[in-house]
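Next come the chains, spelled out residue by residue.
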Amino acid sequence: MRTTFPKDFLWGAATAAHQVEGNNINSDFWLLERMPETLFAEPSGDTIDHYHRYREDIALLAKLGFNSYRFSIEWARVEPEEGYFSDAVINHYRRMLEVCHEHNLKPMVTFHHFTSPRWLISKGGWENEDTAGRFARYCSEITKRLGDLMDKACTINEVNIPVVINRVHLRGIDLQELGFMQAAKPLLGISPSDKLNTFMFTPSPKGREVILEAHRQATSAIKSVKPAMPVGMTISMDDLQAVDGGEVIRDQIRHELQDVYLEAAREDDFLGVQTYTRARIGPEGKLEPEAGIELTQMGFEFWPRALEATLRYANEVANVPLTVTENGIATSDDARRTEYYEQALAGVANCLDDGLDIRGYYAWSAFDNFEWMLGYEPKFGLVEIDRSNQERIVRQSGRRLGEIARANCIP
Ligand code: BGC
């Protein structure tokens, strides 16, 4: 196995605006988190106040040894009302990008990471065909104002997450029926008989179509402003393993959850692969974790080898340059996190040895943050956050990954 990575390999850690910035009151999730009977364990609130502490946070990542930072721009802040683009907010993100450059971190910017403006959801959200054009207009505006400082762009984070959540986590439960969704409708001006189509909870065929169309329109909008910028989307990929004769059903599930999106990525400059674990699939569908395998705080199997398998599969089907845009584990035992990263990176190295075109690796996550429906309990950070005073405390795993990044090899 090689231990040295290619020259110009991007080493970074990733965040998403809603999970770290705080006070994202114009977004759909802010509202859903506060509804009675909500599925969210707790509201996001101030999160880790990255919106104000980005200077120290970015400086910290550079000091650890990284050469890139992946973060997202919050559409709901930039365009809080349809057609109104906030100069103040855009300038905030401009300063973030400038600080990245001051610290020699190449910025990889995500335009949409799960949350959307409330007004978009009021207008039919991710089942409305006009959403694609609205998203492209926002991407165009941002690229005009900030594109000169961006290194790479991800249009949509995990284009397939609505289908994954519906199929794997909710096992087909219709969220539209639940009390918190019903309670939010009048506040969004949606009638009780109409659907509330947030990005994450819209797995319908129409929703899938709108999401891929939004990616395509956004890509051409970004490229028409900055043709040279690499643009791609990211995809959530478990290593789907067939057991006990589960091949047929595994292939069906993999087609629905992954192939459709990998095929759509063939036209793109790159694809972001995001892997956390494996899933075993038998003839009846997804199986529970295997007895005796350690579980993470997410209830996932500790399975760092999943990344090598998903990279190989993505390469086979999409056949475009790949970047690991997220990989990591939620754990209270930081030694296990270090072990996870070292094993996962050994898998990346194997792929590189075999000639796969992998351009970078981003850990999830730079900081402990708001883990969506699970709130603040799962700890994914290379940096621990004491939310009582917002103190940043670097973990050993952060130091180790930074050391690997700086050396561009696994010493
Ligand atoms: C998402 C992140 C999330 C992570 C861990 C990915 O699906 O992009 O926002 O925190 O997984 O669950």
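Calculation criteria
- Residues numbered from 1 in each chain as written.
- Predicted model: local features only at pLDDT ≥ 70, side-chain atom pairs only at ≥ 80, totals over all residues.
- Heavy atoms only, no water.
- Helix = DSSP H or I, 4+ residues; strand = E, 2+ residues; numbered from the N terminus.
- Rg over C-alpha atoms; globule rule 2.2 N^0.38 Å.
- Buried < 20%, exposed > 50% of the residue type's maximum accessible area, 1.4 Å probe, protein only.
- Contact = heavy atoms within 4.5 Å.
- Areas by Shrake-Rupley, 256 points an atom, 1.4 Å probe, with all protein chains shown as cover.
- Lys, Arg positive; Asp, Glu negative; His and termini not counted.
- Charge placed at Lys NZ, Arg CZ, Asp CG, Glu CD.
- Near = heavy atom within 4 Å.
- Polar contact = N/O pair within 3.5 Å; in protein donor to acceptor, adjacent residues only side chain to side chain.
- Nonpolar A, V, L, I, M, F, W, Y, C, P; charged D, E, K, R; others polar.
- Pairing = 2+ DSSP bridges.
- Axes fitted to C-alpha atoms, helices over the stretch in contact; angles between N-to-C directions.
- Expected span 1.5 Å × (residues − 1).
- Bend = angle between axes of the 7 residues up to and from the residue.
- Salt bridge = Lys/Arg side-chain N within 4 Å of Asp/Glu carboxyl O.

The next thing to look at is the overall build of the protein. When helices and strands are counted, the protein shows 14 helices and 13 strands. The C-alpha radius of gyration computed for the protein amounts to 20 Å, which stays within 12% of the reference 22 Å derived for 411 residues, consistent with globular compactness. Residue burial in the protein is summarised as follows: out of 411 residues, 61% are buried. In the protein, the share of contacts with a sequence separation of at least 24, taken over all contacts with a separation of at least 6, comes to 79%. Counting every atom, the protein has about 15200 Å² of accessible surface; 48% of that belongs to carbon and sulfur. Here the protein contributes 45 positive and 62 negative side-chain charges, whose respective centroids are spaced 4 Å apart.

The environment of the ligand is made up of 13 residues, and the closest members are Gln19, His113, Glu158, Glu326 and Glu371. Tyr276 places a polar side-chain atom, nitrogen or oxygen, 3.4 Å from an oxygen atom of the ligand. At 3.2 Å, a side-chain N or O of Trp364 approaches an oxygen atom of the ligand. In isolation the ligand offers 310 Å² of accessible surface; the protein chains occlude 92% of this area. When the residues that make up the shell around the ligand are grouped by side-chain class, the tally is 6 nonpolar, 4 polar and 3 charged.

The next thing to look at is the sheet that holds strand 6 (residues 239–242). The 3 strands are arranged 6-8-9 in an open sheet whose pairing can be described as mixed. Taken across any chain shown, the strands that pair with only one partner, and hence form the sheet edges, are strand 6 and strand 9 (285–286). In this structure, strand 8 (residues 278–282) lies alongside strand 9, joined through 2 bridges in antiparallel fashion. Its bridge partner lying in strand 9, Gly282 is registered against Gly285. On top of the sheet, helix 11 (residues 247–264) reaches strand 6, strand 8 and strand 9; it is set at about 160° to strand 6, its chief contact.

Below, the discussion takes up helix 3 (residues 50–64). Between its first and last C-alpha, helix 3 extends only 18 Å over 15 residues, short of the 21 Å set by a 1.5 Å rise per residue. Considering bend angle alone, the principal kink of helix 3 is centred on Glu56 and spans about 40°. Of the positions making up helix 3, those classed as buried are His50, Tyr51, Tyr54, Asp57, Ile58, Leu60, Leu61, Ala62 and Leu64. Two residues or fewer past helix 3, Gly65 is found with a positive phi of approximately 130°.

On to the pattern of salt bridges, then. Taken as a whole, this structure holds 36 salt bridges when the rule is applied. Salt-bridge contacts for Arg216 lead to Glu213; the nearest nitrogen and oxygen are separated by 3.3 Å. Taken together, the residues span about one helical turn, with Arg216 and Glu213 both in helix 10 (residues 205–225) at a distance of 3 residues. In this structure Arg216 comes out as partly exposed when scored by relative accessible area, which is 45%. Overall, the relative accessible area of 29% leaves Glu213 in the partly exposed class. Here Arg395 and Asp368 are joined by a salt bridge, their closest N and O atoms 2.8 Å apart. With Arg395 in the loop between strand 13 (391–394) and helix 14 (396–407) and Asp368 in the loop between strand 11 (358–364) and strand 12 (383–386), this pair connects stretches of sequence that are 27 residues apart. Classification of Arg395 as buried rests on a relative accessible area of 12%. Linked by salt bridges that have partners in common, Glu79, Glu82, Lys123, Arg134 and Arg137 make up one network.

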